[in-house]
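A closer look at the structure
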Amino acid sequence: MNDQDNYAVILASGTGARLWPLSTMKKPKQFHDLLGIGKTFVQLTYERLKKIVPKENIFIVTISDYEEIVLEQLPEFNPTNFIIEPRLMNTAACNLLAAMTIQQINANAKLIICPSDHFIFNEEEFVDKVDLAFRNSDEDKLTLLGVAPTRPDVTYSYIQFIESTNPVKKVKSYVDKPDFEFAESFITSGEFIWNTEILIWSTDSILKAYQEFLPSMYETLKSYFDLDKSLQNIKTLKPIYTTLDVTTINKGILEKADNVYVIPSTFGWSDIGTWSIINEKYKYVGEGQDENENTLLCKHFSGYNTKNNFIYSTQDKAIVVEGLENYVVINSENGLLICPRSNVQTIKTYVRDLKLQKNGENYC
C-alpha cells in the first residue's frame with residue numbers, strides 16, 4: 001500500500017498528566033519508553049505508519065516546545081511536515097488544522113489520524129484494517145477502528161454498530177466517555193466496542209462534517225487558510241486558532257454525523273493512559289513480577305505485607321514499602337507519587353492542584 005494520496009497524521013501535543021511524575025509538560029509520555037522495549041511511543045507510531053504511507057506523507061501535529069525532541073527521536077522526519085498548534089486545544093481543533101493543512105497540499109488527500117501514545121500488538125492486522133479503511137474512504141465515510149472492550153472504562157468512547165456481512169459497519173450509536181454505570185451496561189450487553197481514536201477519512205468528508213456540525217469553527221480557521229501563503233505562519237495563526245471551540249472531535253462530529261462507520265478489529269490495542277494500564281502490559285508479558293504480584297520496575301525493592309502494587313523508579317535508589325496493596329508508587333526526578341490504583345484516573349487533578357501551589361509548576 002503506497003498510494004501518494006494517502007497521508008498519516010500523528011497527534012503529539014498531549015501532556016499525559018495521568019502518567020505524572022514521569023510524564024511532564026517538558027517531556028510528556030509520548031516521548032518515553034514506558035514499556036521498556038527500547039522505543040518511545042512516538043517512535044513506535046512513526047514506524048508503524050511507515051508501513052502504511054510513504055514517509056514523506058507523515059505529518060506530526062504538536063506544539064513548538066516539542067519540535068526539538070521529535071527531531072531527536074525521529075531523525076529522518078522532515079521538519080517541514082510539522083503542523084504546529086499555537087497552543088494546546090482539543091481534538092476538534094487539531095483535526096481541523098491537520099485536514100485543512102493537508103488538503104492545501106493535496107486536494108485528493110485521505111488521512112489516517114493516530115494518537116502518538118497507543119500500543120498495538122499485531123501490526124500486520126493493523127495495516128490490513130487501515131488498507132481496508134483507505135479503500136472505502138473514497139466514499140463519504142468517516143471511518144473508525146474499533147476493538148472489543150475488556151473493562152468498563154470511562155475514558156473511552158463506545159460504538160454500537162449495525163450487523164452486516166460488510167467488514168465496514170455502519171455506526172448505530174456513539175457514546176463518548178460515559179459514566180461508569182453506562183460503561184458497565186455497555187460491556188454487559190456485548191453490543192458495544194471501543195473507539196481506538198484511530199480515524200480514517202478523506203479531507204473532503206471530514207471538512208464537510210465540520211461545515212455541518214461545527215460551522216463557526218470551520219469558517220474561523222478557513223479565514224487563516226484563505227490568507228496568502230506567504231502570510232500563513234504561527235504568528236498569524238495564533239489569534240485565530242485560540243478562539244476555536246475547545247471540544248473533542250468525538251463530541252463535535254462523531255456523536256452527531258450519520259455517515260460514521262467502524263471496522264471491528266482484533267489487533268491488540270491499548271491507549272497507554274494510566275499507570276494501571278502500563279502495569280497490565282507488564283503483567284501480560286510476565287515481566288517484573290514478584291511472588292506477591294507486585295510489578296517491580298526499579299533497581300532495589302523490599303516489600304513487607306505488600307501485594308499487587310506497581311513500583312516504578314527512574315532513579316537508582318532502594319525502595320522499601322510496607323502495608324500497601326493495590327497501589328502505584330512512582331518515583332522520578334520530578335516527584336514521588338503514591339496512589340491507590342483505583343484512583344489513577346484522578347492523577348490529572350493532582351497535577352492541576354500541584355501547578356496552583358507555589359513553585360509547583362516546576363515539577364509538572
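Computed from a predicted model, the values in this text were never measured in an experiment.

Within the protein chain, the regular secondary structure consists of eleven helices and 17 strands. Scaling as 2.2 N^0.38, a compact globule of 364 residues should have a C-alpha radius of gyration of about 21 Å, and the protein chain matches this with 21 Å. Each principal axis of the C-alpha distribution contributes one length, and for the protein chain these read about 65 × 50 × 35 Å. When the 364 residues of the protein chain are sorted by exposure, 54% land in the buried category. Counted over contacts in the protein chain with a minimum sequence separation of 6, partners at least 24 positions apart contribute 65%. Entry remark: accessible area of the protein chain is about 16700 Å², with carbon and sulfur atoms responsible for 48%. Considering the protein chain, the positive charge centre built from 36 side chains and the negative charge centre built from 48 side chains are found 3 Å apart.

Attention now moves to the UniProt feature "domain: MannoseP isomerase/GMP-like beta-helix" (unreviewed entry) in the protein chain. Under the UniProt annotation, "domain: MannoseP isomerase/GMP-like beta-helix" (unreviewed entry) lies at residues 305-354. Annotation note: span residues 305-354, helix share 16%, strand share 42%, distance between end C-alpha atoms 31 Å.

Turning our attention to the pairing of strand β14 (residues 310-313). Residues F310 and Y312 line one face of β14 and the alternating positions I311 and S313 line the opposite face, and both faces are buried. In this sheet, β14 lies alongside strand β12 (residues 295-297) in parallel orientation, the contact comprising three bridges. What sits directly across from L297, in β14, is Y312. Pairing of β14 with strand β16 (residues 327-332) involves four bridges; the strand directions are parallel. Its bridge partner lying in β16, Y312 is registered against I330.

As a measure of interface size, the accessible area lost when the parts come together is often cited. You can read the domains of the protein chain as domain 1 (6-271) and domain 2 (280-363). The distance between the C-alpha centroids of domain 1 and domain 2 comes to 30 Å. The partner domain 2 presents 19 residues to the 14 residues of domain 1 that form the contact. When domain 1 packs against domain 2, the two sides together hide about 1500 Å² of surface, and 64% of this comes from carbon and sulfur. Considering only the side of domain 1, the residues that lose the most area to domain 2 are R18, W20 and P21, jointly responsible for 45% of the buried surface there. Our count for the domain 1 to domain 2 interface comes out at one salt bridge. The residue R151 makes a salt bridge to E280 at a minimum N-O spacing of 4.0 Å. Here domain 1 is connected to domain 2 by seven residue pairs in polar contact (both at pLDDT 80 or more).

Moving on to the packing of aromatic side chains. Evaluated as defined, the whole model comprises 16 aromatic pairs. Both rings, one in Y7 and one in F59, keep their centres 6.2 Å apart while their planes meet at 50°; by these two values the pair is tilted. In this pair, Y7 sits in strand β1 (residues 6-11) while F59 sits in strand β2 (residues 58-63), placing the two residues 52 residues apart along the sequence. Taking relative accessible area as the criterion, F59 reaches 5% and is therefore assigned buried. Between Y158 and F186, the ring centres sit 5.4 Å apart and the planes meet at 50°, which makes this aromatic pair tilted. Of this pair, Y158 sits in strand β7 (residues 157-161) while F186 is found in helix α5 (residues 180-189), placing the two residues 28 residues apart along the sequence. F186 sits in the buried class, given a relative accessible area of 9%.

A few words now on the layout of surface pockets. For the largest pocket, the calculated volume is near 1200 Å³. Along its surface, the largest pocket is lined by 46 residues, and G14, T15, N90, T91 and K348 are the ones closest to its centre. For the lining of the largest pocket, the secondary-structure elements that each account for two or more residues are α3 (91-105), β4 (110-115), β9 (192-202), α9 (249-254), β11 (269-271) and α11 (347-356). Across the lining of the largest pocket, the residue classes break down as 17 nonpolar, 18 polar and eleven charged. Shared between two domains, the lining of the largest pocket takes at least three residues from each, and those domains are domain 1 (6-271) and domain 2 (280-363). Space inside the second largest pocket adds up to approximately 400 Å³. What lines the second largest pocket is a set of 17 residues, among which T150, G268, W269, S270 and K281 lie closest to the centre. Looking at the lining of the second largest pocket, the elements with two or more residues in it are β11 and α10 (275-285). Looking at which element gives the most residues to the lining of the second largest pocket, the answer is α10, with three residues.

Rules and cut-offs
- Residues numbered from 1 in each chain as written.
- Predicted model: local features only at pLDDT ≥ 70, side-chain atom pairs only at ≥ 80, totals over all residues.
- Heavy atoms only, no water.
- Helix = DSSP H or I, 4+ residues; strand = E, 2+ residues; numbered from the N terminus.
- Rg over C-alpha atoms; globule rule 2.2 N^0.38 Å.
- Buried < 20%, exposed > 50% of the residue type's maximum accessible area, 1.4 Å probe, protein only.
- Contact = heavy atoms within 4.5 Å.
- Areas by Shrake-Rupley, 256 points an atom, 1.4 Å probe, with all protein chains shown as cover.
- Lys, Arg positive; Asp, Glu negative; His and termini not counted.
- Charge placed at Lys NZ, Arg CZ, Asp CG, Glu CD.
- UniProt positions renumbered as here; feature names shortened; annotations may be inferred.
- Pairing = 2+ DSSP bridges.
- Domains from an automatic or database assignment.
- Buried area = accessible area lost by both parts, 1.4 Å probe.
- Salt bridge = Lys/Arg side-chain N within 4 Å of Asp/Glu carboxyl O.
- Polar contact = N/O pair within 3.5 Å; in protein donor to acceptor, adjacent residues only side chain to side chain.
- Phe/Tyr/Trp six-rings, centres within 6.5 Å; stacked < 30°, edge-to-face > 60°.
- 1 Å grid on protein atoms, 1.4 Å probe; cavity = no way out; pocket = protein on both sides within 12 Å on 5 of 7 lines; lining within 4 Å.
- Points joined across faces, edges and corners; volume = space filled by probe spheres on them.
- Nonpolar A, V, L, I, M, F, W, Y, C, P; charged D, E, K, R; others polar.

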